[in-house]
Amino acid sequence: MTAAEMVLSVVPAEDSGSDTADRYEWQAAMAAADSLALYLRSLDDQGRLPHDCDGRVLCEWQEDWVLLEGDDAELVSGKHRDPSVSAFTTVNKLADEGGLAHLFERWSVLDETPLCRLVTTGGIAAGDPQDVLAACDYFRQMRLSGVAITVTDDHRNVVDKLRESIARYHSAVKSRWKGTGGSAPVSKDKQCTEVARFLSMLRLDHGKPQRAHIEYAAPSMFAQPVLDRLAMSGRVAVVWEAVVRLFRARMRAKGPIPSAALPAVMAYRVGASVPTANDVERDLAARIVTMSDIDIAIRTALAMPAGYEPVQRVPLTTRLAVKMNTGGCSDNAVERAEHLRMEYQDYWRDRISGDALARVEQRGFERRLLRINDEANDSVSVAGGVLWRRLQQRMDELPSDSLPAGMDADLALGGLCEWANRCKVWFGQRFDVDAVIARLRAEREAAS
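### Concerning the environment of Arg341
- Among the secondary structure elements, Arg341 is positioned in helix α15 (residues 331-354).
- C-alpha of Arg341 to C-alpha of Ala184: the two residues are 157 residues apart in sequence and 79 Å apart in space.
- If sequence neighbours within four positions are ignored, Arg341 has contacts with Thr318, Leu320, Gly414, Cys417, Glu418 and Asn421.

Following this line, the structure appears as structure tokens:
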């Protein structure tokens, strides 16, 4: 069987990836980058996708994703490394945290047919990890030259270290090599030769953009070359978003399929044959992104960019909201402040309508609020978010019997919000609030 048929036909030992992939935006981005590279190489001389193009990406099957083209397949393991632990410093870390042990096991189960690749933000440190990189290059050159792969003295040490690490971090490989379950044990020399063959199929694709940077770097790094090849112009960011959306869905096995959610009926009838690779691929349609999918996503994004642009934030335009936003308060804090301000107004409206002396009490209480705000600001202007929390704390510390009847700490905080709306309280340096409100309203009208 070909590598592609093996990948599709052999059921993986586990399939938890599609359940957890929504946590891995970075993996979806890297799979999207691979799909664009496969799409670019599939275009003909006129920049068109051939009708018989069969390139596709299978998500969360065997590995994080698999590239399929014709009879060939490449298993890809995507590993994001935070800056604090960025580099792979030992062979053990490559086998365990880098996923090489799992890649090796899948490659072995698939009759050693697929190519393998580790995609990672991490670097390859000097020493043994760099020796693994050099061994990959050496054994790959032997394979491409048609020479039988043998372990030479120059690479024997690192091959043996990787062999030990693979057995340490993957029990199924260790059991097979030991001959557990009735099979014959595999000699150490044959184990090393098997690892060398694996290295000849392996590529370490390291130094990829970090999760925090991928949103900004990816459009120019991965989508722009495709637009240049297609001789198309447009917002490259929306093209990238259109493509990566495909993978967000497929990595959760949520892609559209012809049968939608219809149940499988009359399946596996008596006399039915074993499912072929094509049958299995149809069942995996929800996980597959084809090059036609990529082509449609790109052209749709360029034709209707608004559908792929991020939802614009619409800030409130009251004086209170503008002050708090400018001071760095969160949207939730702004919404709460507006709500408390309205409740504070309702409180005094009800009190004053039935109590002739309530207005005098209101003025005295508001003078006290202004003093509390003045004290909370110390001698310099305090950042909005800090001041908001500090004022909340001051209100909580007020004795309940010192507040007007029926008022609590939150309602008292609403009084400060009311005075902020009257430009008597500031969440930062003073500025022209009305000018900012006019600008925001103009921008909203222009966008509508």
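From this point, things continue past the structure.
### Things to note about the sheet that holds strand β3 (residues 72-79)
- If you walk across this open sheet you meet the six strands as β5-β4-β3-β2-β1-β6, and the pairing is mixed. One side of each edge strand has no neighbouring strand; the edge strands of this open sheet are β5 (202-205) and β6 (288-290). Within the sheet, the average angular offset between the axes of one strand and its neighbour, ignoring direction, is 20°.
- For β3 and strand β4 (residues 115-120), the ladder comprises six bridges, and the chain directions are parallel. The residue bridging Val76 from the neighbouring strand is Arg117, located in β4.

### Remarks on a negative patch on the surface
- On the surface, Glu5, Asp52, Asp54, Asp71 and Asp72 cluster together to form a negatively charged patch.
- With respect to the secondary-structure elements, Asp54 resides in the loop between α3 (25-42) and β1 (56-61).
- Among the residues examined, Asp54 registers a relative accessible area of 37% and is labelled partly exposed.

### A short note on the packing of helix α5 (residues 100-109) against helix α9 (residues 188-201)
- Here α5 crosses α9 at 100°, and the two axes come no closer than 11 Å. Considered as vectors, α5 and α9 are oriented roughly perpendicular to each other. Here α5 contributes Leu100, Leu103, Phe104, Trp107 and Ser108 to the contact with α9, which in turn contributes Glu194, Val195, Arg197, Phe198 and Met201.
- Partitioned by chemical class, the residues of the contact of α5 with α9 number seven nonpolar, one polar and two charged.

### Description of the pattern of salt bridges
- Inspection of every chain in the model, using the stated rule, returns 32 salt bridges.
- Between Asp434 and Arg319 there is a salt bridge; the shortest N-O distance is 3.2 Å. Here the residue Asp434 occupies a position in helix α19 (residues 433-447), and Arg319 occupies one in helix α14 (residues 319-327), the gap between them amounting to 115 residues.
- Two residues, Asp346 and Arg349, come together in a salt bridge whose shortest N-O distance is 2.7 Å. A residue pair is termed a helical-turn pair when its members lie 3 or 4 positions apart in one helix, as Asp346 and Arg349 do in helix α15 at three residues.
- Here the salt bridges do not stand alone but share partners, grouping Asp34, Glu74, Arg117, Asp205 and Lys208 into one network.

### Describing α14
- For α14, the set of buried residues is Leu320, Ala321, Val322, Lys323 and Met324.
- Immediately beyond the C-terminal end of α14, within one or two residues, lies Gly328, with a positive phi of roughly 95°.

### Digging into the nonpolar core
- Counting 51 residues, the largest nonpolar core has Val7, Leu58, Leu199 and Leu202 as its most contacted members.
- If we ignore the near neighbours within four places in the chain, the residues touching Leu58 are Val7, Leu8, Trp65, Val66, Leu68, Leu284, Arg287 and Ile288.
- Residues Val76, Val243, Val244 and Val289 belong to the second largest nonpolar core, which totals 42 residues.

### Remarks on the packing of helix α7 (residues 153-169) against helix α8 (residues 171-178)
- Interhelical geometry of α7 versus α8 gives an angle of 110° and a closest axis separation of 5 Å. The orientation of α7 with respect to α8, classified from their angle, is roughly perpendicular. Contact residues: Arg163, Ile166, Ala167 and Tyr169 in α7; Ser171, Val173, Lys174 and Trp177 in α8.

### A short note on the packing of aromatic side chains
- Scanning all chains against the criterion turns up 10 aromatic pairs.
- Between Phe104 and Phe198 the ring centres are 5.3 Å apart and the planes differ by 85°, which places this aromatic pair in the edge-to-face class. With Phe104 in helix α5 and Phe198 in helix α9, this pair connects stretches of sequence that are 94 residues apart. The exposure classification of Phe104 matches that of Phe198, with both residues buried.
- Between Tyr138 and Phe139, the ring centres sit 5.3 Å apart and the planes meet at 75°, which makes this aromatic pair edge-to-face.

### Here's the deal with unusual backbone geometry
- One non-glycine residue, Glu60, lies in positive phi territory at about 55°.
- Mapped onto the secondary structure, Glu60 falls in strand β1.
- Residue classification places Glu60 among the buried residues on the basis of a relative accessible area of 6%.
- Non-glycine residue Cys423 carries a positive phi angle of around 65°.
- Inspection of the secondary structure puts Cys423 in the loop between α18 (409-421) and α19.
- Cys423 sits in the partly exposed class, given a relative accessible area of 23%.

### Quick look at the environment of Gln392
- Counting through the fold element by element, Gln392 comes out in helix α17 (residues 384-397).
- Classification of Gln392 as buried rests on a relative accessible area of 13%.
- Each C-alpha atom, one on Gln392 and one on Gly327, is 16 Å from the other, the two residues being 65 residues apart in sequence.
- Residues within four places of Gln392 in sequence aside, it is in contact with Arg336, Asp410 and Leu413.

### Focus on the confidence of the model for the chain
- Model confidence for the chain is summarised by a mean pLDDT of 88, while 92% of its residues fall at 70 or above.
- Here residues 16-22 is modelled with pLDDT under 50, and outside its nearest four sequence neighbours on either side it reaches 10 contacts, counting other chains as well.

Conventions adopted
Residues numbered from 1 in each chain as written. Predicted model: local features only at pLDDT ≥ 70, side-chain atom pairs only at ≥ 80, totals over all residues. Heavy atoms only, no water. Helix = DSSP H or I, 4+ residues; strand = E, 2+ residues; numbered from the N terminus. Contact = heavy atoms within 4.5 Å. Pairing = 2+ DSSP bridges. Axes fitted to C-alpha atoms, helices over the stretch in contact; angles between N-to-C directions. Patch = residues over 30% accessible without salt bridge, like charges linked within 9 Å, V, L, I, M, F, W, Y side chains within 5 Å. Areas by Shrake-Rupley, 256 points an atom, 1.4 Å probe, with all protein chains shown as cover. Salt bridge = Lys/Arg side-chain N within 4 Å of Asp/Glu carboxyl O. Lys, Arg positive; Asp, Glu negative; His and termini not counted. Charge placed at Lys NZ, Arg CZ, Asp CG, Glu CD. Buried < 20%, exposed > 50% of the residue type's maximum accessible area, 1.4 Å probe, protein only. Parallel < 35°, antiparallel > 145°, perpendicular 65-115°, else oblique. Nonpolar A, V, L, I, M, F, W, Y, C, P; charged D, E, K, R; others polar. Core = buried A, V, L, I, M, F, W, Y, C linked by side-chain atoms within 4.5 Å. Phe/Tyr/Trp six-rings, centres within 6.5 Å; stacked < 30°, edge-to-face > 60°. pLDDT = per-residue confidence, 0-100.

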